[in-house]
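Single-letter residue listing:
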Amino acid sequence: MSNEELEQLRASLDEKNKDLLKLINERAEIVQKIGNVKSKSGTKRYDPVRERRMLDLIADENEGPFETSTLQHLFKQIFKASLELMGDDEQKALLVSRKKHPDNTVVDVKGEKIGDGLQRLIAGPCSVESEEQVFAVAEALKKRGVNLLRGGAYKPRSSPYDFQGLGVEGLEILKKAGDRYDMAVISEIVTPTDVEKAVDYLDVIQIGARNMQNFELLKEVGSTKKPILLKRGLSASISEFIHAAEYVMSRGNTNLMLCERGIRTYETATRNTLDISAVPILKQETHLPVLADVTHSTGRRDLLLPAAKAALAIGADAVMAEVHPDPAVALSDSAQQMDIEQFNTFISTLRDAQLLKDGVE
Ligand code: PEP
Ligand code: MN
């Protein structure tokens, strides 16, 4: 074969590549249109029956020289890429996605506008144990200008023999503390049927890590107008976390905050691994306020301050930490809660570092 002949064949191959490129992109445009129709009608993107028909058509029409199985393999790659293309469009359509809503969502919690650019602290005991205990913490927080009080009334414990929380009595104590110290109160609800009652006691309903994919609970809180604080699941990917948030928002509740609380890894030096990069990723991917729980992520009192500094420096809208008047006798999480003196040092250090901009000295 002469060089000239080779060049000619190569030139016609280039033309065919260009034709294929054009055809593949034209095909992709049709795929995107199909994706839009499907998302409007709520139809699943992947349709195996349809895919089988397309593969059969290729088999019927194939005149060679390629083997049908080779061509079917190549077309399967095109089908796969097409599904991903539709997936991209689906991501754009998520209600929590920043692509859908470019501005930051600001959640108003009793006048505290979380996500407005001021970085806040949310603190309180792991469990509500008594009125005296909650009031002692509330008073200490209030003195430092912290208006967001959290405490657990329903505790999802690993062992059924551990303290399970005071239940409604705990919610009553929190409400009393909120009224007395003019603070917003936050507590976890674990059962869908408790949501209706919780609305009367709480300013924010927390969905804990263990319930991030309790879809019935997510739908229930999504049907209220209460601000929701959704924690990342113990082993949840960011995408799973975002889709859990979508469950809440798809029911109409736009008062939603996300909380990174550490994920389970092979590392045993900390209780969980604080996924610090999740904070800016969630801020980029969604329009929701993003919080970081430094207590449950580290599980270590000595790491609360550096973890809080990191979380605030990387852009968290708020940090969550546990404070107890006497952690040594706490009914849960005694190794990681701060006492009131430690809390005062913690907040002063963050404010001195110009990280927490709210409150009083
Ligand atoms: C909590 O915040 O009280 C709690 C139990 O945390 P998590 O759900 O993140 O484990
Ligand atoms: Mn705790």
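Throughout this document, residue positions are counted from 1 along each chain, in the order its sequence is written. Chains carry letters from A onward and ligands carry numbers from 1 onward, assigned in written order. The predicted origin of the model limits local features to residues at a pLDDT of at least 70 and limits the giving and counting of side-chain atom pairs to 80 or more, whereas totals for whole chains, interfaces and linings rest on all residues. Hydrogens are left out, water is left out, and the side-chain values use all remaining heavy atoms of the structure.

Colleague: What's the story with the environment of Leu-118 in this structure? I'm lost.
Modeller: Per the convention used, a helix needs a DSSP run of H or I reaching at least four residues, while a strand needs a run of E reaching at least two, with both numbered from the N terminus. Within the secondary structure layout, Leu-118 lies in the loop between β2 (112-114) and β3 (120-124). For the pair formed by Leu-118 and Asp-200, sequence separation is 82 residues and the distance between their alpha carbons is 28 Å.

Colleague: What exactly am I supposed to notice about the coordination of the manganese ion (ligand 2) here?
Modeller: Each pair of donors in an ideal four-coordinate tetrahedral metal site encloses 109.5 degrees, whereas pairs in an ideal six-coordinate octahedral site enclose 90 or 180 degrees. Donor atoms from the polypeptide that coordinate the manganese ion (ligand 2) comprise Cys-126 (SG), His-296 (NE2), Glu-322 (OE), Glu-322 (OE) and Asp-333 (OD), at 1.9 to 2.7 Å from the metal. Metal donors were taken as nitrogen, oxygen and sulfur atoms no farther than 2.8 Å from the ion, or 3.2 Å where the ion is Na, K or Ca. Water is excluded, so coordination may look unfinished. Between the donor residues of the manganese ion (ligand 2), the gaps in sequence give the motif C-x169-H-x25-E-x10-D. With Glu-322 in strand β10 (residues 318-322) and Asp-333 in the loop between β10 and α12 (340-352), this residue pair connects regions lying eleven residues apart in the sequence. Each member of the pair, Glu-322 together with Asp-333, is buried. Burial classes follow relative accessibility: with a 1.4 Å probe on protein chains only, a residue under 20% of its type's maximum area counts as buried, one over 50% as exposed, and anything between as partly exposed.

Colleague: Help me out: how do you make sense of the sheet that holds strand β5 (residues 184-188) in this one?
Modeller: Consider a sheet: its strands pair through backbone hydrogen bonds, and that pairing is either parallel or antiparallel. The eight strands lie next to each other as β3-β4-β5-β6-β7-β8-β9-β10, forming a closed barrel whose pairing is parallel. Within the sheet, the average angular offset between the axes of one strand and its neighbour, ignoring direction, is 25 degrees. When DSSP finds two or more bridges between a pair of strands, those strands are recorded as paired. Relative to strand β8 (residues 256-260), strand β7 (residues 228-231) is paired through four bridges, and the arrangement is parallel. Across the sheet, residue Leu-229 finds its bridge partner in β8, namely Met-257. Sheet contacts for helix α4 (residues 131-143): β3 and β4 (148-150); angle to β4, the most-contacted strand, approximately 155 degrees. Note on method: axes are straight lines fitted to C-alpha atoms, helices fitted across the in-contact stretch only, with angles between N-to-C directions ranging 0 to 180 degrees. Pairs of residues are marked as contacts when any of their non-hydrogen atoms sit within 4.5 Å.

Colleague: What should I look at first to understand the site of ligand 1 in this one?
Modeller: To be near a molecule or strand, a residue needs just one of its heavy atoms within 4 Å of it. Surrounding ligand 1, one finds Arg-150, Lys-155, Gln-206, Gly-208, Ala-209, Arg-210, Lys-231, Arg-261, His-296 and Glu-322. One nitrogen or oxygen atom from the side chain of Lys-155 is found 3.1 Å from an oxygen atom belonging to ligand 1. Residue Ala-209 places a main-chain N or O atom 2.8 Å away from an oxygen atom belonging to ligand 1. Compared with its free state, where it exposes 290 Å², ligand 1 has 96% of that area covered by protein. Of the residues assigned to the shell around ligand 1, the class counts are one nonpolar, three polar and six charged. Polar contact is defined as a pair of N or O atoms within 3.5 Å, subject to the rule that within protein one atom must be able to donate a hydrogen and the other to accept it, and that residues adjacent in sequence are counted only when both atoms are side-chain atoms. Residue exposure ignores everything except the shown protein chains as possible cover, and the areas themselves are Shrake-Rupley values with a 1.4 Å probe. Residue polarity is assigned by list, with Asp, Glu, Lys and Arg as charged and Ala, Val, Leu, Ile, Met, Phe, Trp, Tyr, Cys and Pro as nonpolar; anything else, Gly included, falls into the polar class.

Colleague: Explain helix α1 (residues 3-41) to me, please; I cannot follow it from the model alone.
Modeller: Each α-helix turn comprises 3.6 residues. Residues three or four places apart therefore point the same way. Taking 1.5 Å as the rise per residue, α1 with 39 residues should run 57 Å; its terminal C-alpha atoms sit 57 Å apart, in good agreement. Here α1 has its buried residues at Ala-28, Val-31, Gly-35 and Lys-38. Directly beyond the C-terminal end of α1, a positive phi value near 70 degrees is found at Gly-42. A helix is expected to span 1.5 Å for every residue after the first.

Colleague: Explain α12 here, please?
Modeller: Between the first and last C-alpha of α12 there are 18 Å, a value that for 13 residues agrees with the 18 Å anticipated at 1.5 Å per step. Every buried residue of α12 is accounted for by Phe-343, Phe-346, Ile-347, Leu-350 and Arg-351. Around the axis of α12, the buried residues are gathered within 125 degrees of arc, so they sit on the same side. Structural note: α12 exposes Glu-341 and Asp-352 on the side pointing more than 90 degrees away from its buried face. Where α12 is buried, its residues meet β3, α4, α11 (304-313) and β10. The N-capping residue of α12, defined by a side-chain oxygen 3.2 Å from the backbone nitrogen of Glu-341, is Asp-339. Comment: arc refers to directions from the helix axis out to C-beta atoms.

Any link to function would need more than the numbers given here.
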